[in-house]
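Chain by chain, the residues:
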Amino acid sequence: MAVIGSSSSGNSSKGIQLLFGISTSYKPPYKCKVLVHAIGGGGSGGVAGAQNAANRSAAAAGGGAGAYCTSVLTLDPLVTYTITIGAGGAGVTTNAINTSFSGNNGGTTTFAGTGVLSLGAAGGSGGAATFVSSGTATAAGGAGAVAGNSGNVGNVAGGAGGSVSLSQISGGSSGAAGGGGAVGIFGVGYAGGGATLASSTGAQGLAGGGAGIGGPGESVSTANTYGAGGPSYGATTAEGHIANGLVQDGLWSQFVNNYLVGNQPQNGYGTPAKGSNGAVLNPGLFGGSGGAAVSSSTQSTFYGPSKAGGGGGGTAGTSPWGGTVITSRGGGQGMIIIDVLEQLI
């Protein structure tokens, strides 16, 4: 459990925010009115590999993001509440040529206890993956988690992973990958970028970018292009989020300032897609990771897993990958955030 901040007002409890990233129990020290945010785990991207031979295609889609649900609850100091954090879908690996494996689903995050209606945010689905020796390889992006109706304040579906369609008509093998979706903490879960190439000739690669909390990942449709990651804010601001009624008392603005603007400005962004060696980049909180179309095992390690419910990007490998290990990006684990609104007597 981490404490984000506290108010200096007369009510010393107001303004405290608690973060939970592991499954645990919580017993409040006093009776209080709280706003609980639940974020489900993100799904991982798919993985596919193609040997360097004529007309072979590898397609790996991005994973979907977890749902975001919020409730105002009254907590009792005599009750111990159960917090279950949904796991992010683990990245999938292949070390055999001409194979494909779909990504794993994220887990459900819940907050439950005597006297309160349980709050649950579902996990996103893993991205599909396909290998074909001729014709068109298609892979559907993992579905963003369904919003449900457990939150009495708001329920937002997760962003979907980017889908892929690749048709190799002549020459060597080609690979395409989709980006992961983002958590809808501003009221919309944006999708990861897709990758579509109708008539690939020669060895080609392309991949879509990971979604951000402020916009989708960039989709691509030209050989050897790699989409940008989605923005942190886009056209929506923290104040707009408060105006939509999903949070109260300005506490979400404090969270956004601490974790999206101030000390860690990289959070909330999706990471761009990659197709060549480069520095390792990790997506920020709630953002999706970009897809990767790689040609060697060293090029499959651009990104760590997504964080806080974001979807993982797919990875498509082509020769001279040559049968060595390639791995898709894992989905982000879920999270529970508790905002203390008021201490009750």
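About the criteria used
- Residues numbered from 1 in each chain as written.
- Predicted model: local features only at pLDDT ≥ 70, side-chain atom pairs only at ≥ 80, totals over all residues.
- Heavy atoms only, no water.
- Helix = DSSP H or I, 4+ residues; strand = E, 2+ residues; numbered from the N terminus.
- Buried < 20%, exposed > 50% of the residue type's maximum accessible area, 1.4 Å probe, protein only.
- Contact = heavy atoms within 4.5 Å.
- Areas by Shrake-Rupley, 256 points an atom, 1.4 Å probe, with all protein chains shown as cover.
- Phe/Tyr/Trp six-rings, centres within 6.5 Å; stacked < 30°, edge-to-face > 60°.
- Core = buried A, V, L, I, M, F, W, Y, C linked by side-chain atoms within 4.5 Å.
- Polar contact = N/O pair within 3.5 Å; in protein donor to acceptor, adjacent residues only side chain to side chain.
- Pairing = 2+ DSSP bridges.
- Axes fitted to C-alpha atoms, helices over the stretch in contact; angles between N-to-C directions.
- pLDDT = per-residue confidence, 0-100.

Chemist: Could you give an account of the overall build of the protein chain, with specific residues and numbers?
Modeler: Helices and strands together make up the secondary structure of the protein chain, namely two helices and 23 strands. Of all 345 residues assigned to the protein chain, the portion counted as buried reaches 54%. Considering only contacts in the protein chain between residues 6 or more positions apart, those separated by 24 or more positions represent 71%. Accessible surface, the protein chain as shown: approximately 11800 Å² in total, 52% of it carbon and sulfur.

Chemist: Residue-level account of the packing of aromatic side chains, with values.
Modeler: What the rule picks out here adds up to two aromatic pairs. A ring pair is formed by Tyr81 and Phe111, whose centres lie 5.5 Å apart and whose planes are at 15°; its orientation type is stacked. Pair noted here: Tyr81 is in strand 8 (residues 81-84) and Phe111 is in strand 11 (residues 109-112), with a separation of 30 residues, a long-range link. Residue classification places Tyr81 among the buried residues on the basis of a relative accessible area of 1%. Looking at Phe111, the relative accessible area reads 0%, which means it is buried.

Chemist: Describe the nonpolar core, listing the residues and the values that go with them.
Modeler: Val34, Val36, Leu75, Phe111, Ile336 and Ile338 are the most contacted members of the largest nonpolar core, which totals 24 residues. The set of elements that each furnish at least two residues to this core consists of strand 2 (17-20), strand 4 (32-39), strand 7 (68-75), strand 8, strand 12 (119-121) and strand 23 (335-343). Ranked by residue count, the leading element in this core is strand 4, at four residues. Setting aside anything within four residues of it in sequence, one finds Leu75 in contact with Tyr26, Pro28, Tyr30, Lys31, Cys32, Val34, Tyr81, Phe111 and Val116. Listed in part, the 14 residues of the second largest apolar core include Leu19, Ile185, Ile213 and Met335.

Chemist: Before we move on, can you summarise the side chain of Thr109 with the specific residues and values?
Modeler: With respect to the helices and strands, Thr109 occurs in strand 11. Of the polar contacts made by the side chain of Thr109, one reaches the backbone nitrogen of Gly86; its length is 2.9 Å.

Chemist: So what's going on with the sheet that holds strand 11? Which residues, and what values?
Modeler: Read across the open sheet, the four strands follow the order 3-8-11-12; overall the sheet is antiparallel. Two strands close off the open sheet at either side, each with one partner strand: strand 3 (24-26) and strand 12. For this sheet, the mean angle separating the axes of adjacent strands, direction not counted, is 15°.

Chemist: Please set out the sheet that holds strand 13 (residues 129-132) residue by residue, giving values where relevant.
Modeler: Spatially, the four strands line up as an open sheet ordered 13-6-17-19, and their pairing is mixed. In the strand order of this sheet, the two ends are held by strand 13 and strand 19 (205-207), each with one partner. Strand-to-strand twist across the sheet, computed as the mean angle between neighbouring axes with direction ignored, equals 5°. Where strand 6 (residues 57-60) and strand 13 come together, four bridges link them in antiparallel fashion. The partner of Ala60 across the bridge, within strand 13, is Ala129.

Chemist: Any details on the confidence of the model for the protein chain? Residues and values, ideally.
Modeler: A residue-level look at the protein chain finds 69% of positions with pLDDT of 70 or above and a mean pLDDT of 76. Confidence drops under a pLDDT of 50 for residues 261-266, and excluding neighbours within four residues, the segment shows nine contacts in the predicted structure.

Chemist: Just give me the short version of the environment of Thr130, but keep the residues and values in it.
Modeler: Along the chain, the position of Thr130 falls in strand 13. Residue classification places Thr130 among the partly exposed residues on the basis of a relative accessible area of 22%. Here the alpha-carbon distance between Thr130 and Ala50, two residues 80 residues apart in the chain, equals 9.9 Å. In this structure Thr130 touches Ala48, Ser57, Ala58, Ala59, Ser100, Ala137, Thr138 and Ala139, once residues within four positions along its chain are discounted. For Thr130, the side chain forms a polar contact with the main-chain oxygen of Thr138, separated by 2.7 Å.

Chemist: Hey, could you go over the environment of Ala38 for me, with residue numbers and the actual values?
Modeler: Along the chain, the position of Ala38 falls in strand 4. On the basis of relative accessible area, Ala38 is assigned to the buried category, the value being 0%. In the structure, Ala38 is positioned 70 residues away from Thr108 in sequence and 9.2 Å away in space, judged by C-alpha atoms. Ignoring any residue separated from it by four or fewer positions in sequence, one finds Ala38 in contact with Ala67, Tyr68, Cys69, Thr109, Leu119, Ala121, Met335 and Ile336.

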